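Chains, contacts and geometry: an overview
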Amino acid sequence: MQEQHPIKHFAPGWFAVIMGTGGLANILFLWERQFPGLWRTSYAVAVLADVGYFVVLIPWLLRWIHHFEYVRRDLEHPVATNFFVTMPVATVILGTNLHLIWSPYLAPALVFSATLACWIIAILGVAGFTLFTTFRFIRSDAAPDPATMNFSWIMAPIANMALLLLGNQVLGSVLQRHPAWGMTVFVMNAAMLGIGFFLFLFVGAIIFVRLAQHPLPPADTTPTFGIFLSAAGLAVNCLLDLGLHAKTLGLVTEPGLFTVGAAALWGFGMWILAIIAIICVHQMRRGGIPFSLGWWAFVFPLAAYTIGSQKLAGRFPSPLTQGYAMALTVLLVLLWLYILVNTLRGVALGTLFRGRPLAPPEGGCTP
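Computed from a predicted model, the values in this text were never measured in an experiment.

Calculation rules
Residues numbered from 1 in each chain as written. Predicted model: local features only at pLDDT ≥ 70, side-chain atom pairs only at ≥ 80, totals over all residues. Heavy atoms only, no water. Helix = DSSP H or I, 4+ residues; strand = E, 2+ residues; numbered from the N terminus. Rg over C-alpha atoms; globule rule 2.2 N^0.38 Å. Contact = heavy atoms within 4.5 Å. Areas by Shrake-Rupley, 256 points an atom, 1.4 Å probe, with all protein chains shown as cover. Lys, Arg positive; Asp, Glu negative; His and termini not counted. Charge placed at Lys NZ, Arg CZ, Asp CG, Glu CD. 1 Å grid on protein atoms, 1.4 Å probe; cavity = no way out; pocket = protein on both sides within 12 Å on 5 of 7 lines; lining within 4 Å. Points joined across faces, edges and corners; volume = space filled by probe spheres on them. Nonpolar A, V, L, I, M, F, W, Y, C, P; charged D, E, K, R; others polar. Buried < 20%, exposed > 50% of the residue type's maximum accessible area, 1.4 Å probe, protein only. Arc of directions from axis to C-beta.

Moving on: the overall build of the protein chain. The helix and strand inventory of the protein chain stands at 11 helices and two strands. In the protein chain, the succession of α and β elements from N to C terminus is β-α-α-α-α-α-α-α-α-α-α-α-β. Computed over its C-alpha atoms, the radius of gyration of the protein chain comes to 20 Å, within 12% of the 21 Å expected for a compact globule of 367 residues. Along the first, second and third principal axes, the C-alpha set of the protein chain runs to 70 × 45 × 45 Å. Counting only contacts in the protein chain whose residues sit at least 6 apart along the sequence, the fraction spanning at least 24 positions is 82%. Surface summary for the protein chain: the accessible area is close to 16900 Å², and the carbon and sulfur share equals 71%. Averaging the locations of the 18 positively and 12 negatively charged side chains of the protein chain gives two centres separated by 7 Å.

Let us look at the layout of surface pockets. What the largest pocket holds in volume is close to 1300 Å³. Lining the largest pocket are 44 residues, and of these A11, A80, S292, L293 and G294 lie nearest its centre. One number sums up the size of the second largest pocket: a volume of about 880 Å³. Surrounding the second largest pocket, 29 residues form its lining, L30, L100, I307, Q310 and K311 being those nearest its centre. Every element with two or more residues in the lining of the second largest pocket is listed here: α1 (15-30), α4 (86-102), α6 (155-177), α8 (226-248) and α10 (299-315). A per-element tally of the lining of the second largest pocket places α10 first, with nine residues. Class assignment of the residues belonging to the lining of the second largest pocket gives a composition of 13 nonpolar, 11 polar and five charged.

Listed in full, the buried residues belonging to helix α3 (residues 68-75) are Y70, V71, D74 and L75. Projected down its long axis, α3 carries its buried residues within an arc of 145°, all on one side. Summarising the contacts, the buried residues of α3 are in contact with β1 (3-4), α2 (38-66) and α5 (108-139).

This is the structure in structure tokens:
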């Protein structure tokens, strides 16, 4: 039996809405030179994301304070536990919106302090949830159920790489305001990339072995395949930005190796996008993919890959790179609109706040 409650059953993945929406705002803003009128749309989407961050934060915190037993149940769930890390990643996206979109309207010192605070909060949150989720499946006494093994398991590795979306912007500001901090921030960014990339290789290998040995996961977990794309998109962003900062700091003479590596990973993203599309078509033909909050797992990964494609098109300007980045943007906008409408419908009907109540203590009674 299920019950409806907006706080008890407030899913940990709600911050994925902010991640995808804020990412889309940045993408639209970056198209401003080619399409001058898009800045208005990017501002509207950014307002939706940044106000939404605090709207989502309130019930998220209330749940930890007043219904921690439900939080603890999700922390021990093999799939739900992986989505707690969306909160610090959403904080990263909030910081990128402040830096990229809102900085012309705010005092430089305020922007620097706010983005630095967002970055530090995100590092602490990502580190804590990464260690927890990693240790959780290492200490498990029983083999995991193949039905619960999907690409949500790579959320923690992806989150570590996502830190660089803001970390590289913070580094750029630090080099202007406090150059002595530059090397420290650069090393932190490189460390986060290393943690995320190698954890992605290790955990991703586990998921691929599972896919080779068992049938596809249930249809309702299909959106988690989208998370796989974020690895390629974030790696492209990381390498391009790290290469530029490495040159600025005098660590390399030219960032060419970083750029070529980013191009190779960008190509890998093409394959990932194609295989996700094939899997989705396969599931649609077998009965469809039921809508849930998990559909937002399609949006942020595609946004990360689209931003990476925009940056790569700037380094390798050609009809292929620029046209591909535009096609990804159109796909992202259409997907975002469809998922947003269905999410708002789910909120209005209360279907996104339904869940199984905790069993009463033995000998107790249901209130």
